[in-house]
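# Breakdown of the fold
If you want the building blocks of each chain, they are given just below.
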Amino acid sequence: MQTVQCPVCHSELKMTSATSRKKGKLSLMLVCPVSGIHFRAFINDQPFITHVMESLAGTLT
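Okay, so let's go over this structure.

### Some words on the overall build of the protein
- A tally of regular secondary structure across the protein gives one helix and three strands.
- Tracing the protein from N to C terminus, the helices and strands come up as β-β-β-α.
- Looking at the 61 residues of the protein, the share that counts as buried comes to 20%.

### Some thoughts on a nonpolar patch on the surface
- Together, M15, L26, M53 and L56 give the surface a local cluster of nonpolar side chains, amounting to about 300 Å² of exposed area.
- Along the chain, the position of L26 falls in strand 2 (residues 26–31).
- The partly exposed category is assigned to L26, whose relative accessible area is 30%.

### Side note on unusual backbone geometry
- Positive phi, close to 65°, is recorded for H10, a residue that is not glycine.
- Within the secondary structure, H10 is located in the segment before strand 1 (14–19).

### Thoughts on the state of the cysteines
- Counted according to the given criterion, the structure contains zero disulfides.
- This cysteine, C32, is not joined by any disulfide, and C9 carries the nearest cysteine sulfur, 3.5 Å off.

### Re the sheet that holds strand 1
- With antiparallel pairing, three strands are arranged side by side in an open sheet as 1-2-3. Both outer strands of the open sheet, strand 1 and strand 3 (40–43), are each paired with one neighbouring strand and no more. Within this sheet the neighbouring strands show an average axis-to-axis angle of 30°, counted without direction.
- When strand 2 meets strand 3, the two strands line up antiparallel, connected through four bridges. In the sheet register, L28 faces strand 3, and the bridge partner there is I43.

What counts and how
- Residues numbered from 1 in each chain as written.
- Predicted model: local features only at pLDDT ≥ 70, side-chain atom pairs only at ≥ 80, totals over all residues.
- Heavy atoms only, no water.
- Helix = DSSP H or I, 4+ residues; strand = E, 2+ residues; numbered from the N terminus.
- Buried < 20%, exposed > 50% of the residue type's maximum accessible area, 1.4 Å probe, protein only.
- Patch = residues over 30% accessible without salt bridge, like charges linked within 9 Å, V, L, I, M, F, W, Y side chains within 5 Å.
- Areas by Shrake-Rupley, 256 points an atom, 1.4 Å probe, with all protein chains shown as cover.
- Salt bridge = Lys/Arg side-chain N within 4 Å of Asp/Glu carboxyl O.
- Disulfide = S-S within 2.5 Å.
- Pairing = 2+ DSSP bridges.
- Axes fitted to C-alpha atoms, helices over the stretch in contact; angles between N-to-C directions.

Taken by themselves, the reported measurements are silent on function.
As structure tokens, then:
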């Protein structure tokens, strides 16, 4: 499994699901666990999010 590191402190980024405020759509958030000021990004591509969520659901069952 590949990991993505924070460009500031080189910690492994944490991935969580998030919901947009305006439209309520699901997105993925990558955030630095040390400080959200270091790095925070949102992925809003719905086909990619669906693929990731289905992959994660397959690993949990």
